[in-house]
Amino acid sequence: MNAKVFKTQMPTTTDSNVVKIAVEMADQNPQLKGFNQTQPLAAIIQDLCNGWNLTEPEQYALQFSEVNNQNYVTEKNRNEVKNGSVLRLAHSPSKTAHDILQKLNSGTNEEKVGALQKLSSLSTDVTFALEFINKQGLGYIIGLIENGKCVGGMLAYSLLSFVELMDHGIVSWDILEVPFINTVASYVNNQSSTAQDGKVVQASLSILENIVLNSSGKYGHVEKEVTFPNLVMHLQSQNQAIQLNAISLINALFLKADPAKSKAISATLCSKQVRNVIWTNIIQSASGQFSVAEFIAPCTSDSQKWAYVDQGVGTEMAHQLYVLQTLSLGLLEQRMNIKMDPQDQDAHDKIKELRRIAFDSDGTGSTDGVARRQHGGYAKDYKKLGFKCDINPAMDFTETPPGMLALDCMIYFARNHTESYTKVVLENSCRADEHECPFGRTSVELVKLLCEILHIGEPPSEQGQNYHPMFFTHDHPFEEFFYICIVLLNKTWKEMRATTEDFVKVFSVVREQITRALATQPAELSMFKARLQLLTYAEITNLWQQERTSREEWESHARPVTQLKEMITPEIMELIQQQRLGFLVEGTRFTKYSNRGQRIKDKFWYVRLSPNHKVFHYGDCDEKCVPTLEELPNKLAVVDIKALLTGKECPHMKDVRGRKTPHQLAFSLTLDSVDVTSLDFVAPNEEEYDYWTDGINALLGNKMLSKETENDLETLLSMEIKLRLLDAEGVDIPQEPPPIPDDPPNYDFCYELK
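Residues numbered from 1 in each chain as written. Predicted model: local features only at pLDDT ≥ 70, side-chain atom pairs only at ≥ 80, totals over all residues. Heavy atoms only, no water.

K.L.:
I'd love a proper account of unusual backbone geometry, names of residues and values included.
P.N.:
In this structure, Pro-401 follows Thr-400 across a cis peptide bond, with omega equal to -20 degrees. Mapped onto the elements of the fold, Pro-401 is located in the loop between helix H19 (377–384) and helix H20 (404–416). For the bond from Pro-401 to Pro-402, the omega torsion is 15 degrees, close enough to zero to count as cis. Counting through the fold element by element, Pro-402 comes out in the loop between H19 and H20. (Helix = DSSP H or I, 4+ residues; strand = E, 2+ residues; numbered from the N terminus.)

What follows is the structure, encoded as structure tokens:
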């Protein structure tokens, strides 16, 4: 920009409170100004208006002009104005809101569409939103939508404006009445050309989701008006935002439903047709296609290398798939916590069916059955089946968890995989008693273990993203999961040549096999099964031995090793500190949260440390963007940081009550600034939380105390000690150093030179 066009009005004295900025205005030459942070904004605006010969300065306000930040400058956020900032002088929020309402009331259709488009953009700013709502603008928008006469761009921008205005939490969602809900629902259900506008459908889905989650009594009406076939249809949309909002609404309805409705919703979502839609249009389209051969191929040379399903669905969609999976599996909680009722004839019949399938598969007549019953034959069969109480097997299902869920899984196995079931039972019947793997007892314990691994009964976490694609590929995913794992358990039992005394040891190995296989995110149950085939007992033992060897070396208490650790620990801590600061320089994308601790969907911001470790740069970004330092408009000097707060001490977590919150991942930087007292974060996961808190503590001169620091210190110390002790390989290191000999009586030695 040519400096000659600026009206130079720079301060004559140097002041740390004054920053140099440029101010633009339509049809005017920009002004270079000294922005004094101690001077009232009204006085600064008055000065600018004088420079441009503008009257009525009270009708003007300053705006940021960055692409990702066009909010109004207020007394609360004025500290974001830094050296080199470019601001814009525009009409104040009050006048702008008045002008928009005037055009909406008396303008032409074209002017109304333009006004609504401007409204949808400005409503992201809480300052403007508050002014517009105070002028009864929200009520006007509600009425505009409610009458159902809007079409095209007017409808789309009305809905988008409404979403943005409500997103600030200024007004309760309880204000919405039935006609409004019906109209918005019609845009979701209606397949006409009007509803095909992506913005209309996207905004309508978002509105209905918020009504379900945030209103006190409107769930029933939304559930009545919106049909699941239409929501499933939107999952097939090519528009990813519509897909995301559709599955978010499905999860909201699922989450708020009573137990009976939850089962009906789950039955619909678990149907083959719906599962195929989710798998084909969301998971597979983003992850690509994998075969079992492709999945296990990398394992042939190195058991530690595995193919992962590329969860390229984006963080928000991954979270929604995780929520859907958690809610679906959560329906098993009821059966998991129900003891067997002695009067439950159906359950007794299932136990008898387990015996019959295992031992009466040859079709023997009822006469033999009576004879066996008279001679206690059934009790022997139940003993062979491995029940703890062979006299009354029903007693095996009185422990909760797993309760009746264990019987459900066992009968599923027997009915749907009869050959494998009879093989497992009969193989154990032929073994010596001490090596028998009791099917009944191990099945009950295995179901309990699977419930723990999958966290069944726990509510969805707001940060969770770890879903298992294979559970979207079967009508009965948990029962099929059990079938694969019970076969694995019997295989592992044989490999270990275990006895009943080794029960706990076998289950520790099986837990390790299952969790390691799940960690590879297999796309299909067949891939999970193939992975388990290679995670044999010998492989697990080898992995454990490697870990144990490393741990034993670290835990060595030999004094020379301890002294070596003390000597090199400062070097290792310096290396860890450099890594943490390097991580902060690379930066992290954070999800935005409101002051009430609520996650703001599709809103992200990016923070990174300058290479000289003196300034944090931050600003808004989209889900996949990795902005450079120059693209982040806001700055925070490290010297301005007063302290680091974590957890519930953070300002944005203090007022959150009555629901699961991510306070364990929250941290805040308290500032010396009067206008902005803190910068508040919620980390994406525990590792990044530890890295950020470590890095900030390092910048503030505090100790790094996170679990990640402990783990890194342990790992690096172990590696460094191994390297330094290579020359001492094969030499026994004593617990105590050898004693120093006494001084000789004199030092009258000499060496005879020859």
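Next comes the rest of the description.
K.L.:
Mind laying out the pattern of salt bridges, listing which residues take part and the relevant values?
P.N.:
Pairing between side chains becomes possible if they bear opposite charge and their charged atoms approach one another. Applying the stated criterion across every chain yields a total of 21 salt bridges. For Lys-350, the salt bridge is made with Asp-408, and the minimal N-O distance between the two is 3.6 Å. Of the two residues, Lys-350 is situated in helix H17 (residues 345–359) and Asp-408 in helix H20; the sequence distance between them amounts to 58 residues. The burial state of Lys-350 is the same as that of Asp-408; both residues are buried. (Salt bridge = Lys/Arg side-chain N within 4 Å of Asp/Glu carboxyl O. Buried < 20%, exposed > 50% of the residue type's maximum accessible area, 1.4 Å probe, protein only.)

K.L.:
Can you lay out the packing of aromatic side chains for me, pointing to particular residues and giving the numbers?
P.N.:
For the structure shown, the criterion picks out 27 aromatic pairs. Residues Phe-413 and Phe-439 carry aromatic rings whose centres are separated by 6.1 Å and whose planes lie at 40 degrees to one another, so their mutual orientation is tilted. Here Phe-439 lies in helix H22 (residues 439–453) and Phe-413 lies in helix H20, a separation of 26 residues in the sequence. A residue is classified by how much of its surface remains accessible, and Phe-413, at 0% relative accessible area, is buried. Judged by relative accessible area, which is 2%, Phe-439 ranks as buried. With centroids separated by 6.4 Å and ring planes inclined at 25 degrees, the aromatic side chains of Phe-667 and Trp-692 adopt a geometry described as stacked. Placement of the pair is Phe-667 in strand E11 (residues 666–671) and Trp-692 in helix H28 (residues 686–699), with a sequence separation of 25 residues. Taking the relative accessible area as the measure of exposure, Trp-692 reaches 0% and is therefore buried. Ring-pair connections join several aromatic residues into one group, and the members of that group are Phe-590, Trp-605, Phe-616, Tyr-618, Phe-667, Phe-681, Tyr-689 and Trp-692. For the cation-ring pair, Arg-441 lies above Phe-503, with the distance from its terminal atom to the ring centre recorded as 3.8 Å. (Phe/Tyr/Trp six-rings, centres within 6.5 Å; stacked < 30°, edge-to-face > 60°. Lys NZ or Arg CZ within 6 Å of the ring centre and 35° of its normal.)

K.L.:
Account for the side chain of Asp-690, naming residues and giving values.
P.N.:
If you trace the backbone, Asp-690 turns up in helix H28. No salt bridge is formed by the buried Asp-690, whose closest oppositely charged neighbour, Arg-580, lies at an N-O distance of 7.0 Å. Aside from chain neighbours lying at most four places away, what touches Asp-690 is Ser-706, Lys-707 and Glu-708. (Lys, Arg positive; Asp, Glu negative; His and termini not counted. Contact = heavy atoms within 4.5 Å.)

K.L.:
An account of the packing of helix H2 (residues 93–106) against helix H3 (residues 109–122) is needed here, citing residue identities and associated values.
P.N.:
Packing of H2 against H3 brings their axes to within 8 Å, and their N-to-C directions diverge by 145 degrees. Both H2 and H3 take part in a crossing whose hand is left-handed. When H2 is examined against H3, the residues Thr-96, Ile-100, Lys-103 and Leu-104 are found in contact with a partner set consisting of Lys-112, Ala-115, Leu-116, Lys-118, Leu-119 and Leu-122. In terms of residue class, the contact of H2 with H3 is built from six nonpolar, one polar and three charged. (Axes fitted to C-alpha atoms, helices over the stretch in contact; angles between N-to-C directions. Left-handed = near helix turned anticlockwise from the far one by under 90°. Nonpolar A, V, L, I, M, F, W, Y, C, P; charged D, E, K, R; others polar.)

K.L.:
Report on the confidence of the model for the protein, specifying residues and quantitative values.
P.N.:
For the protein, mean pLDDT is 84; residues scoring 70 or higher make up 86% of the total. Of all the helices and strands in the protein, helix H14 (residues 292–296) carries the lowest mean pLDDT, 43, while H20 carries the highest, 96. Counting contacts from residues 1–13, a segment whose pLDDT is below 50, to residues more than four positions away or on other chains yields 25 contacts. Within the model, pLDDT remains below 50 along residues 362–376, and this stretch shows eight contacts once partners closer than five positions in the same chain are excluded. (pLDDT = per-residue confidence, 0-100.)

K.L.:
Let's hear about the sheet that holds strand E12 (residues 678–682): which residues, and what values?
P.N.:
Across the sheet, three strands lie side by side as E10-E11-E12; this open sheet has antiparallel pairing. Each edge of the open sheet is held by one strand with a lone partner, namely strand E10 (641–646) and E12. On average, adjacent strands in this sheet sit at an angle of 15 degrees to one another, irrespective of strand direction. Pairing analysis gives five bridges linking E11 to E12, with the strands arranged antiparallel. Residue Ala-666 lies in a different strand from E12, and its bridge partner there is Val-682. Here H28 sits on the sheet and contacts E10 and E11; the angle it forms with E11, its principal contact strand, is near 25 degrees. (Pairing = 2+ DSSP bridges.)

K.L.:
Tell me about the pairing of strand E9 (residues 634–637), residues and numbers included.
P.N.:
Every second residue of E9 is oriented toward a common face, the buried set being Asn-634 and Leu-636 and the non-buried set Lys-635 and Ala-637. Sheet analysis places strand E8 (residues 615–621) next to E9, joined by four bridges and oriented antiparallel. Residue Val-615 lies in a different strand from E9, and its bridge partner there is Ala-637.

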